[in-house]
Amino acid sequence: MMCHVYFNFRWLEHVRNELEVDDLSQDMMLSWAAFHAGQHISDNLPPLDTGFLLPLFQEHAKSAAMIRHSMDVVRDAVHFLNPGQIPVVAFDQPLYTLAKQIQWNCPNTYGENHLVIMVGGLHIEMAALKSIGDWLEDSGWTTALVQSNVASAGTADSFLKAAHASRTRHTHQVTAAALYILMDTVYKDYLATIDQGTDPLAFDIWPAQREVESPQFQYWSITLKFELTILIFVRSLREGNFELYKDAITKLVPWFFAVDHPNYSRSMPPEMA
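Keep in mind that this is a model prediction, so the values were computed, not measured.

Caption draft 1: A look at the packing of aromatic side chains. Counting across every chain of the model gives 14 aromatic pairs. When the ring of tyrosine 180 is compared with that of phenylalanine 203, the centres are 5.8 Å apart and the planes differ by 80°; the resulting orientation is edge-to-face. A residue pair is termed long-range when its members are at least 10 positions apart, and tyrosine 180 in helix 9 (residues 165-192) and phenylalanine 203 in the loop between helix 9 and helix 10 (206-213) qualify at 23 residues. Plain terms: the ring middles of phenylalanine 256 and tyrosine 264 are 5.9 Å apart, the flat faces sit at 50° to each other, and that makes the pair tilted. The pair phenylalanine 256 / tyrosine 264 is uniform in exposure class, with both members buried.

Right under this line is the structure:
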């Protein structure tokens, strides 16, 4: 997890360095996705699996009978295409709860050695974006977005509820970059106040001391860490990195508890097991 946090800070440093150049060109990879897409991906990662959507059922999916039927259909389809493979089925949170109850009550048929039940990655990302929206509510974040012409007032308010996943994610990337540049500016001011002969604190150690001194700095430092955790989770999905996925989930679960999202806070612990 720490090495991937380091890669995110490499992206932040890249954005800061590029913005310091007077002549900005259109081929600069400032976005988080473009920067990481241009980096070398470890050869140890397996190729991404093929995902697909089966035809929709006409009946409501919220019944236990329909969930069992869907699990049977997925299992039969996977065994037909690749005999011996354990199927992996992703649900949204309410249906995931039903599927896990079926799995625990029928271990001989739907046990974890027969079927892997997961919460869909998009649903977890949306829950995380809504959680950080709750964290940022009334903080002045939306006002800053409007005054800096990043978004209109109505659009900025929609980011708090994550009404549009990709737009909300992009806005948090912009916010993370802005917070890092501001933090770097404050750190340079700190270096200017250090007397000769005194060893300054390193940049990776200095924020911890500053958080103790300033509650406002602590709030936005926590916000930056939260945003980077969400981006790490998104990266785990795009790279198919299951170990990184588990690490990111472990970091996100305390936030679901902290901002009072009881459904996901209860559903995620089995996902971590």
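Caption draft 2: Quick peek at the environment of aspartate 247. Structurally, aspartate 247 is set in helix 12 (residues 242-258). Between the C-alpha atom of aspartate 247 and that of threonine 229, which follows or precedes it by 18 residues, the distance is 9.5 Å.

Caption draft 3: Structural view of the side chain of threonine 175. Tracing the backbone shows threonine 175 in helix 9. By relative accessible area, which is 8% here, threonine 175 ends up buried.

About the criteria used
- Residues numbered from 1 in each chain as written.
- Predicted model: local features only at pLDDT ≥ 70, side-chain atom pairs only at ≥ 80, totals over all residues.
- Heavy atoms only, no water.
- Phe/Tyr/Trp six-rings, centres within 6.5 Å; stacked < 30°, edge-to-face > 60°.
- Helix = DSSP H or I, 4+ residues; strand = E, 2+ residues; numbered from the N terminus.
- Buried < 20%, exposed > 50% of the residue type's maximum accessible area, 1.4 Å probe, protein only.

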